[in-house]
Amino acid sequence: MTSLKIRQATRADATPVSGLIRRTIRASNSKDYDQKSIKLLCEIFEPEPVAQRIENEHFLLCLAGGELVGTV
């Protein structure tokens, strides 16, 4: 089993975090929301808005074997 590491996100993490969140939105919500709604949700989590949230909120990452696997 790969050990998990939890750490505070930094602005440098914005692009990979953005990608993870947007992939998750598309996979998790595509059955419940129309494509216009999915697109709007994904826009909220573009890299720059994510970077701003990282700077202004308590934003944690979960890494497994160095790979980003979750965020909260």
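Residues numbered from 1 in each chain as written. Predicted model: local features only at pLDDT ≥ 70, side-chain atom pairs only at ≥ 80, totals over all residues. Heavy atoms only, no water.

> Mind showing me how you'd approach helix 3 (residues 47–56) here?
Since the α-helix packs 3.6 residues into each turn, any two residues three or four apart lie on the same face. The set of residues buried in helix 3 consists of Val50, Ala51 and Ile54. On an axial view of helix 3, the arc spanned by its buried residues comes to 105 degrees, and they lie on one face. Seen from the open side of helix 3, the exposed residues pointing more than 90 degrees away from its buried face are Glu55 and Asn56. Where the residues of helix 3 are buried, they touch helix 1 (14–29). (Buried < 20%, exposed > 50% of the residue type's maximum accessible area, 1.4 Å probe, protein only. Helix = DSSP H or I, 4+ residues; strand = E, 2+ residues; numbered from the N terminus. Arc of directions from axis to C-beta. Contact = heavy atoms within 4.5 Å.)

> Explanation requested: the nonpolar core in the structure shown.
The tendency in soluble globular proteins is for nonpolar side chains to be buried side by side. In this structure, Val17, Ile25, Val50, Ile54, Phe59 and Leu61 are the most contacted members of the largest nonpolar core, which totals 16 residues. Sorting the residues of this core by element identifies helix 1, helix 2 (35–44), helix 3 and strand 2 (60–64) as the ones contributing at least two each. The greatest single-element share of this core, amounting to 5 residues, is contributed by helix 1. (Core = buried A, V, L, I, M, F, W, Y, C linked by side-chain atoms within 4.5 Å.)

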